[in-house]
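Observations on the model geometry
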Amino acid sequence: MSPADVTPVLSVRDLSVSFGGSGEADRVVDSVGFDLAPGRVLALVGESGSGKSVTAMSVLGLLPETARVSGSVRLDGRELVGAASAELRAVRGGRIGTVFQEPMSAFDPVYPIGRQIAEAIRVHRRGLRGAALRARVRELLTSVGLPDAARIAASHPHELSGGQLQRAMIAMALSCDPVAIIADEPTTALDVTVQAGILDLLRTLRDTRGTAILLITHDMGVVADLADDVIVMRQGVIVESGAVAAVFDSPASEYTRELLAAVPSLGALGDATEVATPRSGADASPVVVLDGASVAFRRRGTAVRAVDGASFAIGRGEVVGLVGESGSGKSTIGRALVGLVPVASGHASVAGVELGAAGRRERRRVRSRIGYVFQDPASSLNPRNTIGTSIAEPLLLHTAQSAAERTARVRELLAQVRLPADFARRYPHELSGGQRQRVAIARALALEPELLIADEPTSALDVSVQASVLELLEELQRRHGFACLFISHDLAVVRRLADRVVVLHRGRVVEQGPAAAVLAAPAEAYTRRLLAAAPVADPEAQAARRELWRELEAVR
Amino acid sequence: MSAPTDAVDLSARGGTASGRLDLFTQLRRDPWALAGLIVVAVFVLAAIFAPLITAINGQNPYDYNLHALDSSGAPKGWGGGISWRHWFGVEPLTGRDLFSIVVYGGRLSLSVGVLATLVAVAIGVLVGLTAGYFGGWYDRVASRVVDVLLGFPALIFIIALTAVVSANFPRPVLIVLVMGFFSWPSVARVVRGQVLSLKQRTFVVASEAMGAGDGHVLWRQLLPNVGATIIVYATILVPSMIGFEAALSFLGVGVPPPTPSWGRAIGTSVQWFSTDPGYLVFPGGALFLITLGLNAFGDGLRDALDPRTSRRRGILHRIAPRSARTHGRQRKVTA
């Protein structure tokens, strides 16, 4: 059934949005048109700056006053562009529900969840109050897969997990039986296992209530999992649109092909044909040895173990992927290795130096042997320093090089990460996210380290930029032969880079082994769930994975 | 297959040549900052060349001109005795030339204000940086000291102190030290707050992970980032110090007569306001102008010093939302 057969609930025609100045150049959204049919999920995909969120917000009339919107947005035949604000308010939350990216900040922290949902109901239905209102809130919460509705309703936002909050957010969006839901990156801030549940919930809503869903996402895997139709946007223009299966199977536009090619693939489950080939020298004396290492944080008087008895080693020139969900302690291990957090018990040694017993001088020496790349390139470079100064910082700290020698080395490093030499004089805000991450990599490599710790180096980047940064990391690793601890929540990225994988769950190492083996035929139940939950950018393969995930969830 | 990359096309980006624009060029584009700078410069020059300026019409701030007064001691003539000899009129009771008093008074006000600010900023930055960065018991002690000093009745203490300290001790130096000592806590508190949030930023953690010592992190990473705040705070502190000195002189515990001082002039002029409003207008106006000028200049300086704001001056960038800006940038990069 194609969407043209049914009357669309929402139809957008020739929508253009521009900010500030006049003229074509300032157009953020340019002549976009689509139909949203009941009981179908339409995905708007694109990278940052593609105008996908602006398009969605203009449907609700939620753009700032400086925005100029032209074209037509019709909801059930009524024009929304230029509609009176009272009419738009009735639409928002009434006819169209909205789910945002950050469930943690979408709720007001001082009120219980139930009260906030009740408030949303009462805005549109004045008559409902008292016991009937409370019953309606509980019914909504139960319908989004929160069986413990009474407790959830009485909880404050900080008492719930991200997944629970996002479900509550969806309950709120459903409170007035909307004809359509706009979900703006609804699972981006969540772990994959939680994401799979939320996507399943949205699918159920579509099937049981016939709600139309406009899904905004950058993740091709999410599109493959949930969407029926897809629109690919780039720089405010629709590049391609059509049914998901058709677009993924034979993308018509070059850009869509590039996007799909840039998504790292996980391969089929249970397919262990690929055998790991350990890199040379991996069996020599390891660079990193962790033996029963624990890291504890003191929080309000009680000690919380972020890492609990972790044991693994990283050989020379070996790339080890450290995977786990948020709160699994994977970043803490990275920080413990450079001595930013102390190892409470067990042993941890880097380059032959036992971290627990190392003095100030020793620790400094260890740090000079480690390069560190952080997740957010926007904040890992000092905004007041030029790129050149930032890259030269390790040289300044650990070598006696002259200013001229440092400048020459900075030029060399910039060339290695494929950035022009004149970038040395620029400031971080003048660079794009991917360029900043290249600078961070250049800085990490300045002293030719034995170990590179990369903590989620690509999770803040667009998928096409991610692909090129990963390619760069791979190439530099081959050329310099440093050992690498690659920390990531993204199994596909880890599979692409790592020789070996260590899986962390709640501070404990649950499984480790050659990447190809662990990621293709995991031995542990947790790893299997993690793998099954990660969506792949292929609708057919994803449908199979979804079934597997459901089975695994059922036996839990 | 060619994945779109972010490291492409060096030639296409040549248009956005790099580097920070010259600081003065920056300031010149901001009319308020420029006006402020000019006002401050005029006052500073007037203070430096006070003897030359007052010599133009043969006046100085010490000589009595009793012939310019009437029998009640009030200045003769319009506006407090404004004439071609006395541009701002004369002081009641003494007949001293008010223009000379204002010009010479600027010497005391500006030097005391700037020096006391330097003392306050030096102590405040040192304490604030270290307390915010090191934390722990040191931070707790420093913060309590700051709290105590902020709640301390400074004025009463200073009045008492001036009575105790030997008359031979140079009074301006005493005022500078005392005002500096009672003003650093607010600087320390602002700097500490900034450092606490900067400390969480990844670039500080990155620097530590690279093996940087405390000194390097404090000096190279944190100080440049609080620098703009300090400068702006200092430019606001200078006029408040000038006002503080004026208040002390007003209360009679500042610089003793006959040294010309705006504060003492304002203090005595209050009693003469109904008969001789001109006496309040000129020293008061000078205080007002230098305060406004320093504030406007400080504001412009902060913008000029920030590499993030220094290059975008267009209206569009101030009002367009982030998404629109990122969009523009993305376009350039992937072009």
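Residues numbered from 1 in each chain as written. Chains lettered and ligands numbered in written order. Predicted model: local features only at pLDDT ≥ 70, side-chain atom pairs only at ≥ 80, totals over all residues.

With that out of the way, let us pick up the sheet that holds strand S4 (residues 67-75) of chain A. Residues and elements named next belong to chain A. Taken in spatial order, the 4 strands of this open sheet run S2-S1-S4-S5, and their pairing is antiparallel. Strand pairing shows two members of the sheet lacking a second neighbour, strand S2 (27-36) and strand S5 (78-79), which therefore form its edges. With 6 bridges joining them, strand S1 (residues 10-19) and S2 adopt antiparallel strand pairing. In the sheet register, Ser-11 faces S2, and the bridge partner there is Asp-35. This element, helix H1 (residues 52-59), spans S1, S2 and S4 of the sheet and lies at about 115° to S1. (Pairing = 2+ DSSP bridges. Helix = DSSP H or I, 4+ residues; strand = E, 2+ residues; numbered from the N terminus. Contact = placed C-beta atoms within 7 Å. Axes fitted to C-alpha atoms, helices over the stretch in contact; angles between N-to-C directions.)

With that settled, consider the sheet that holds strand S13 (residues 319-323) of chain A. Residues and elements named next belong to chain A. Strand order across the open sheet formed by 6 strands is S16-S17-S18-S13-S19-S20, with mixed pairing between neighbours. Strand pairing shows two members of the sheet lacking a second neighbour, strand S16 (370-373) and strand S20 (508-514), which therefore form its edges. Across this sheet, the average inter-strand angle for adjacent strands is 15°, counted without regard to direction. Where S13 and strand S18 (residues 483-488) come together, 5 bridges link them in parallel fashion. Its bridge partner being in S18, Gly-321 is matched across the sheet by Phe-486. Against the sheet, helix H17 (residues 433-444) contacts S16 and strand S17 (451-455), and its axis sits at roughly 170° relative to S16.

Here the focus is the packing of helix H4 (residues 113-124) of chain A against helix H7 (residues 162-174) of chain A. Residues and elements named next belong to chain A. Where H4 contacts H7, the axes come no closer than 9 Å and their chain directions differ by 20°. Regarding the angle of H4 to H7, the classification is roughly parallel. Here H4 runs over H7; the crossing is right-handed. Contact residues: H4 offers Ile-113, Gln-116, Ile-117 and Ala-120, while H7 offers Ala-168, Ala-171 and Met-172. Of the residues assigned to the contact of H4 with H7, the class counts are 6 nonpolar, 1 polar and no charged. (Parallel < 35°, antiparallel > 145°, perpendicular 65-115°, else oblique. Left-handed = near helix turned anticlockwise from the far one by under 90°. Nonpolar A, V, L, I, M, F, W, Y, C, P; charged D, E, K, R; others polar.)

Counting 244 residues, the largest nonpolar core has Leu141(A), Leu215(A), Leu451(A), Leu485(A) and Phe486(A) as its most contacted members. No other element matches helix H4 (residues 98-134) of chain B, which puts 16 residues into this core. Taken domain by domain, the makeup of this core includes at least three residues from each of domain 1 (281-369 + 454-462 + 477-523) and domain 2 (380-448) of chain A. When residues no more than four places from it in sequence are discounted, the contact partners of Leu141(A) are Leu146(A), Ala149(A), Ile152(A), Ala153(A), Ala168(A) and Ala171(A). (Core = buried A, V, L, I, M, F, W, Y, C linked by C-beta atoms within 7 Å. Buried ≥ 20, exposed ≤ 12 C-beta atoms within 10 Å, placed from the backbone. Domains from an automatic or database assignment.)

Residues and elements named next belong to chain B. Summarising the element assignment, Gln-194 is placed in helix H7 (residues 171-200). Here Gln-194 falls in the partly exposed class, since 19 other C-beta atoms lie within 10 Å of it. Between the alpha carbons of Gln-194 and Leu-129 there is a distance of 8.8 Å; along the sequence they are 65 residues apart. Other than its neighbours up to four places away in sequence, Gln-194 contacts Val-226 and Thr-229.

Turning our eyes to something else, we now look at unusual backbone geometry. All names here are of chain A. If you check the backbone angles, Arg-418 has positive phi at about 60° while not being a glycine. Turning to its location among the elements, Arg-418 is positioned in the loop between helix H16 (403-416) and H17. Using a count of 18 C-beta atoms within 10 Å as the deciding quantity, one classes Arg-418 as partly exposed. Despite not being glycine, Arg-506 has its phi angle at roughly 50°, a positive value.

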